Each structure stands twice: as C-alpha cells, then as structure tokens.
Amino acid sequence: MSLYYVQKFLFELNRDAEMQARYATDRQAAIEPFELTEEEQAALVEPDIGKLFHLGVNGQILMHFAALHQIEWQDYLQRMRDGIAEHGPVREGVYAMTGYEGTDAHAKALGQETP
Amino acid sequence: MTLVYAGVCSHAPGITGRADQADPDVKDRFYAAFDQMAADIEASGAEAIIVIAAEHFANFFMNNMPSFAIGMADSYPGPIEDPAWLGIDKFSAPGDADLSRRIITEVMQTVDVSYAEEWKFDHGIAVPLHFLTPKFDTTIIPVNINCQGPPLTPITRAWAFGEALRRAVDSVPEKVAIVGTGGISHWPATPDSGKINEAWDQDFLDRWCRNDKAALLDYTDEQVYADAGQGGFEIRTFITVAAAAGGAKGTVHFCEPIPIFAVSCTVASYELSL
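Predicted, not measured: the structure shown is a model, and the values here were computed from it. (Residues numbered from 1 in each chain as written. Chains lettered and ligands numbered in written order. Predicted model: local features only at pLDDT ≥ 70, side-chain atom pairs only at ≥ 80, totals over all residues. Heavy atoms only, no water.)

(A) Seen up close, unusual backbone geometry. Residue and element names in this part refer to chain B. Note that the residue after Gly78, namely Pro79, is joined by a cis bond; omega there is -15°. Mapped onto the elements, Pro79 comes out in the loop between strand S4 (75–78) and helix H3 (83–86). Looking along the chain, the bond that leaves Pro150 and enters Pro151 is cis, with omega of 0°. Topologically, Pro151 is positioned in the loop between strand S7 (139–145) and helix H6 (155–170). In this structure, Phe57 is a non-glycine residue whose phi angle is positive, near 60°. On the secondary structure map, Phe57 appears in the loop between strand S2 (48–53) and strand S3 (68–71). Judged by relative accessible area, which is 2%, Phe57 ranks as buried. Positive phi, normally seen in glycine, also occurs at Asn211, with a value near 55°. Here Asn211 lies in the loop between helix H7 (198–210) and helix H8 (213–216). Accessibility expressed as a relative area gives 9% for Asn211, which makes it buried. (Helix = DSSP H or I, 4+ residues; strand = E, 2+ residues; numbered from the N terminus. Buried < 20%, exposed > 50% of the residue type's maximum accessible area, 1.4 Å probe, protein only.)

Now the structure itself:
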C-alpha cells in the first residue's frame, strides 16, 4: 500500500494542465515516476473510482479526478458506493482513521435515511 | 480600526456546478443572500478581501502541510477544477503582494504561518468569489487552514489565528473584509454526500452568532466527524472569523440544507463596531 503516492499523483494531476495532457496521452507513463503497487496503478489507469475510494483516497482529491474524467456527479457517488460494496470498507486514510462504517451506518447513527 | 466586514459563507462546488439540480426556490433565495453579502462588502468600502478557506489539495499536500498559509502574490489563477464541472470559467483574481506581506509579518508576531507566492484557487475560494466579486476585480488575500490532512490545525489555534489576523488587519491603512468559507456539517465528495445534520448546524451557528469562545472551542475532531462528517472539520474557518470579529455578535442571513449542494448553505455576518 502506498496511499500517500496515489494521492500525491492525483494532487499533482488535478492542479497541473501539462500533467493532465501527459496523462491523457499515456496514462501508464504518467504514473511511472510514482511508487505504486500494481493494484494502485490499475485503479489510476482505468480509472476505478470505487477502488480508489476503497484504498483510502481523500474524496476532495478523488472528486477533482472524477471531474477531470467528466464523470457525472451521481455516477461518481454510485461508483464509490459500488467500490465499498465490492471491495469492503475503506482501508486507510481519513475515513478509515476516524471509523468509516458506510452510508447506512452513518445515516442510522444520525437518525436519517440513507441519501 | 480597518476591519470593515466579517462574515462566513458556504463554498461547496455544487453551488455553481449543480445549480440546475437544486430546488429553484431555495436556490434563488440562497443566491440572493450571497448577492446581499456582496452588496454589504461593497458598502463597507473594503479594498481587499481576506478569504479564509479550507482548500482541497489545490496547493498544499501531505509532503509539506502548513497549519496556516497566507497568499502573497499579485494575482491568483483559478479554478483548478474543470470549468464546466464547476460552472465557473477560468479567471485570474487580483492580489496585492505588498499588503499580504504587511499582514503576514504582523500575524507572525504571535502565530506561525506559511506564506505562498503561488496559489491556485479551487472551489473553496472560487465559488464565494463567483458571487462576491463576479468580475474578479477586488483584491483577494487567500488564507488556508488545514482542515483536510490529519493531524489537523487545532481549533484553539484557529482562534488564536483569528485574533492575530484582526490585529494585523487593524495595523494596515487599507479597509479589509474577512470572509470565512466552508462547512458546516457535510460529508463532501464521499458516498454520504448529501447528508446534512441540520440540528448540529443550527447549534454551531448559535454559538457562532453569540461569539461564545468557550462553546466554539468545545469540539473534538472525533465528535465533529461522528456528528458532522469530515466536512465539519471546516468549522475552523468560521471559528477564525469569530475570533477576528473581536466579540461582535452575528446574524445568520441564510441557512438551509440543500442536499444536492451537499451542505446547509449559509450566509452570516458579524455586526462590527466601526
């Protein structure tokens, strides 16, 4: 696991037009300089939004990445839900650190319906 | 006394990016509150606006994350997001490096801050400016508080930072407005997006309007996360504005949940003694 470098790649991609151009041309080459596992590389190249959320990518970083790929908002949210359903709870990062239990558990704790 | 305006507002990207998906009635009333905020700032005579935002990894990352950062440039580009997605075209907002330097120098007397001569705006600043200075013709000084990458800036330090900002603003001859942007409860950019804890928001804003320091600092990150989501960490920006207001009392001009915008959309301000 190298969540730090997954997020660092996305941080640099999200704010740099030249890097976005390189990524658009050759995604695999764009991520080459970063120390990533094969699982992480595959998620970034596809891109697999659900897997990236499961790996622990901060939503504020992931949201901008999804926007870069023109992923519609409701589709973006659903991809994250599907990622949790398919792969399990968030592995690490801010959501795991503070106890991410999923949308149903959060809604129940607040006495609300799942959005 | 050169602080001429102190207020807070929401900055969620959906406010501009998903405007067509919101209930038109509530959206229009929220936009009207934003327009009134713009008019109030203009009427204050503010020559510059300090925008205290919780940025979202547009400039700062966990390789070198400042607790506090202040921009020190003559211009700032934005937004970093896809313009069509955010609903805001690319722009360049004017800054004032000299004014920033004077303010930073004074803040540093009591609070350690980082300064940045490069700063790209994300929605945390771009969305408020879209309403407050739609022509991007007012001097902006961007400020960031780490609300994203734990360990986060302690809220007690956010208060101290607000006091330091007030002292710094009062030390310059220019008329300055301070606008905090962020929160309140929300779970932005996660599968929980759209969830809003309205009761928690109202309680927080009550503390904010009373400018009750003890009550505003009576939060832990664990409590905030459980009750208000990771977006609730952005109360730091509101708390800094409360401290900068120097005991003034506040008024909430608009606060209603708009789930497609992912937050209780808020506009509030303090009545400063000028």
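(B) Region of interest: the sheet that holds strand S9 (residues 250–258) of chain B. Residues and elements named next belong to chain B. With respect to topology, eight strands assemble into an open sheet ordered S6-S3-S7-S2-S8-S1-S10-S9, the strand pairing being mixed. Among the strands making up the open sheet, the edge pair consists of strand S6 (114–116) and S9. If you compare each strand with its neighbour and ignore which way they point, the axes differ by 20° on average. Packing of helix H5 (residues 123–132) onto the sheet brings it into contact with strand S1 (3–9), S2, S7 and strand S8 (176–181), and relative to S2 it is tilted by some 140°. Strand contacts of H6: S1, S2, S3, S7 and S8, with the helix running at about 30° to S3, the strand carrying the most contacts. (Pairing = 2+ DSSP bridges. Axes fitted to C-alpha atoms, helices over the stretch in contact; angles between N-to-C directions. Contact = heavy atoms within 4.5 Å.)

(C) Representation of the interface of chain A and chain B in the model. Contacts between the two partners involve 36 residues from chain A and, on the opposite side, 36 residues from chain B. Interface area lost by chain A to chain B is led by Arg15, Gln60 and Trp73 of chain A, which between them contribute 21%. Applying the counting rule to chain A against chain B returns seven residue pairs in polar contact (both at pLDDT 80 or more). Residue composition of the side of chain A that touches chain B, by class: 17 nonpolar, 14 polar and five charged. (Buried area = accessible area lost by both parts, 1.4 Å probe. Polar contact = N/O pair within 3.5 Å; in protein donor to acceptor, adjacent residues only side chain to side chain. Nonpolar A, V, L, I, M, F, W, Y, C, P; charged D, E, K, R; others polar.)

(D) Representation of the pattern of salt bridges. According to the stated counting rule, one finds 15 salt bridges over all chains in the structure shown. Close ionic contact of Glu39 of chain A with Lys51 of chain A constitutes a salt bridge, the shortest N to O distance being 3.4 Å. Of this pair, Glu39 of chain A sits in helix H4 (residues 38–45) while Lys51 of chain A sits in helix H5 (residues 49–55), and the two are 12 residues apart along the sequence. For Glu39 of chain A, a relative accessible area of 27% gives the class partly exposed. Judged by relative accessible area, which is 14%, Lys51 of chain A ranks as buried. A salt bridge links Arg166 of chain B to Asp170 of chain B; the nearest nitrogen and oxygen atoms lie 2.9 Å apart. With a gap of four residues between them, Arg166 of chain B and Asp170 of chain B both fall in helix H6, about one helical turn apart. Given the relative accessible area of 13%, Arg166 of chain B is considered buried. The network of salt bridges with common partners includes Asp98, Arg101, Arg102 and Glu174 of chain B. (Salt bridge = Lys/Arg side-chain N within 4 Å of Asp/Glu carboxyl O.)

(E) The nonpolar core, seen in detail. Counting 143 residues, the largest nonpolar core has Tyr76 of chain A together with Phe204 and Trp208 of chain B as the members making the most contacts within it. No other element matches the nine residues that H6 of chain B contributes to this core. Sequence-distant contacts of Trp208 of chain B, defined by excluding residues within four places in its chain, comprise Val8, Leu216, Phe238, Val241, Ala242, Gly250, Ala268, Ser269 and Tyr270 of chain B. (Core = buried A, V, L, I, M, F, W, Y, C linked by side-chain atoms within 4.5 Å.)

(F) Structural context of helix H7 (residues 73–87) of chain A. The terminal C-alpha atoms of H7 of chain A, which comprises 15 residues, lie 21 Å apart, in line with the 21 Å expected from a rise of 1.5 Å per residue. Buried within H7 of chain A are the following residues: Trp73, Tyr76, Leu77, Met80, Gly83 and Ile84 of chain A. Each buried residue of H7 of chain A lies within a common arc of 115° when the element is viewed along its axis, so the set occupies one face. Opposite its buried face, H7 of chain A presents the exposed residues Ala85 and Glu86 of chain A, each directed more than 90 degrees away. Buried residues along H7 of chain A sit in contact with H5 and helix H6 (59–68) of chain A together with H3 of chain B. Where H7 of chain A starts, the residue carrying a side-chain oxygen 3.0 Å from the main-chain nitrogen of Gln74 of chain A turns out to be Glu72 of chain A. Backbone geometry just downstream of H7 of chain A places Gly88 of chain A in the positive-phi region, at approximately 100°. (Expected span 1.5 Å × (residues − 1). Arc of directions from axis to C-beta.)

(G) Layout of the pairing of S9 of chain B. Residues and elements named next belong to chain B. Examined bridge by bridge, S9 and strand S10 (residues 263–270) share eight bridges and lie antiparallel to one another. When the bridges of S10 are listed, Pro257 appears paired with Ser264. Taken together, S9 and the strand that follows it, S10, pair antiparallel across an intervening segment of four residues, in which Ala262 is found at a positive phi of about 75°.

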